[in-house]
Amino acid sequence: MTIILKDNERLDDLQRNGYKIIQNPDKFCFGMDAVLLTGFAHAGKEDKLLDLGTGTGIIPILMEAKYHCAHLTGLEIQAESADMAARSVALNNLTDKIDIVTGDIKEADNIFRSASFDCITCNPPYMIGQHGITNPDALKAIARHEVLCTFEDVARQTAKLLKPGGHFFLVHRPFRLAEIMTTLVQYKLEPKRMQLVYPYVDREPNMVLLEAVRGGKSRMTVEKPLIIFQEPGVYMPEICDVYGY
């Protein structure tokens, strides 16, 4: 399928099933966190999956490539990003498998039926309000800072939209881990699995991957740490596997 790229857009190879994605480096491109989340998450062929704040659609596309879910939906508030995501879906001939919906996470329960998803994924904004340096570009600021929604908004909507026993997968920053755990439990999303991600073996972790289950029992597995680099520019074998190299 022929897709016309807009100004400053590029086409990137995802190394999975021949899939490609449209991105605009002047606006916002997906990062390693989204890729690691799809490596940490799991889903079945009968599952219906929702990605909250899908951006340019990277997570639904990679989850389809890996798990061939029955249907996937990406919800994105920014029309420009949602448009790129929809065109990437069409480019990969996935319009029968993936829907891209333009809408607000805070209003997700008005867009989708309650308890209608088996899995929900989210790579939410990490920074609280003005914490850190807010990027002057609106698209990047919204993606990185809690400008339009908070983590509690994400948890509240996830609790409404997940089926009982459904799985919630997210990637976040370790400095907010206590708050994240408290909020998940508050909304009866029981943390079941956690993995810390380290840039190098001798550095502090800079990401945390979490799996929670709606209505799950209180018991969590902490997986062995995931290390990104052996040395500068050289990925660990586990990271190469996740990327499909």
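Fair warning: this is a prediction, and the values are worked out from it, not measured in the lab.

Between helix H6 (residues 151–161) and helix H7 (residues 177–186), whose axes approach to 9 Å, the crossing angle comes to 30°. Overall, the two elements H6 and H7 adopt an arrangement that is roughly parallel. Between H6 and H7 lies a crossing whose hand is right-handed. Where H6 approaches H7, its residues Phe151, Glu152 and Ala155 are matched on the opposing element by Glu179, Ile180, Thr183, Leu184 and Gln186. Of the residues in the contact of H6 with H7, the class split is 4 nonpolar, 2 polar and 2 charged.

Its place among the elements puts Tyr19 in the loop between strand E1 (10–13) and strand E2 (20–23). Overall, Tyr19 belongs to the buried group, its relative accessible area being 11%. A sequence separation of 73 residues divides Tyr19 from Asn92, and the C-alpha atoms of the two residues are 5.8 Å apart. Ignoring any residue separated from it by four or fewer positions in sequence, one finds Tyr19 in contact with Asp12, Asp13, Leu14, Ile61, Glu64, Ala65, Asn92 and Leu94.

Moving on to the nonpolar core. In globular proteins that are soluble, nonpolar side chains generally tend to be buried together. Among the nonpolar cores identified, the biggest contains 35 residues, and Leu14, Leu36, Ile58, Met63, Val197, Leu209 and Ile239 are the most heavily contacted of them. Elements represented by at least two residues in this core include exactly helix H1 (32–40), helix H2 (58–67), strand E7 (162–172), strand E9 (207–214) and helix H8 (237–243). Here the element with the most residues in this core is H2; it accounts for 7 residues. Setting aside residues no more than four positions away along its own chain, Val197 makes contact with Leu36, Pro205, Asn206, Met207, Leu209, Leu226 and Ile228.

Where E1 lies against E2, 4 bridges are found, and the strand directions are antiparallel. Bridging from a neighbouring strand, Asp12 pairs with Ile21 of E2. Once E1 ends, the chain turns through 6 residues before running back antiparallel as E2, passing Gln15 with a positive phi of about 60°.

Time to look at the side chain of Glu190. Inspection of the secondary structure assignment puts Glu190 in strand E8 (residues 189–198). At 6.6 Å, Lys192 is the nearest oppositely charged side chain to Glu190, a buried residue that forms no salt bridge. If we skip the residues at most four places from it in the chain, Glu190 touches Val185, Glu211, Ala212, Val213, Gly216, Lys217, Ser218 and Arg219.

Rules used in this analysis
- Residues numbered from 1 in each chain as written.
- Predicted model: local features only at pLDDT ≥ 70, side-chain atom pairs only at ≥ 80, totals over all residues.
- Heavy atoms only, no water.
- Axes fitted to C-alpha atoms, helices over the stretch in contact; angles between N-to-C directions.
- Helix = DSSP H or I, 4+ residues; strand = E, 2+ residues; numbered from the N terminus.
- Parallel < 35°, antiparallel > 145°, perpendicular 65-115°, else oblique.
- Left-handed = near helix turned anticlockwise from the far one by under 90°.
- Contact = heavy atoms within 4.5 Å.
- Nonpolar A, V, L, I, M, F, W, Y, C, P; charged D, E, K, R; others polar.
- Buried < 20%, exposed > 50% of the residue type's maximum accessible area, 1.4 Å probe, protein only.
- Core = buried A, V, L, I, M, F, W, Y, C linked by side-chain atoms within 4.5 Å.
- Pairing = 2+ DSSP bridges.
- Lys, Arg positive; Asp, Glu negative; His and termini not counted.
- Salt bridge = Lys/Arg side-chain N within 4 Å of Asp/Glu carboxyl O.

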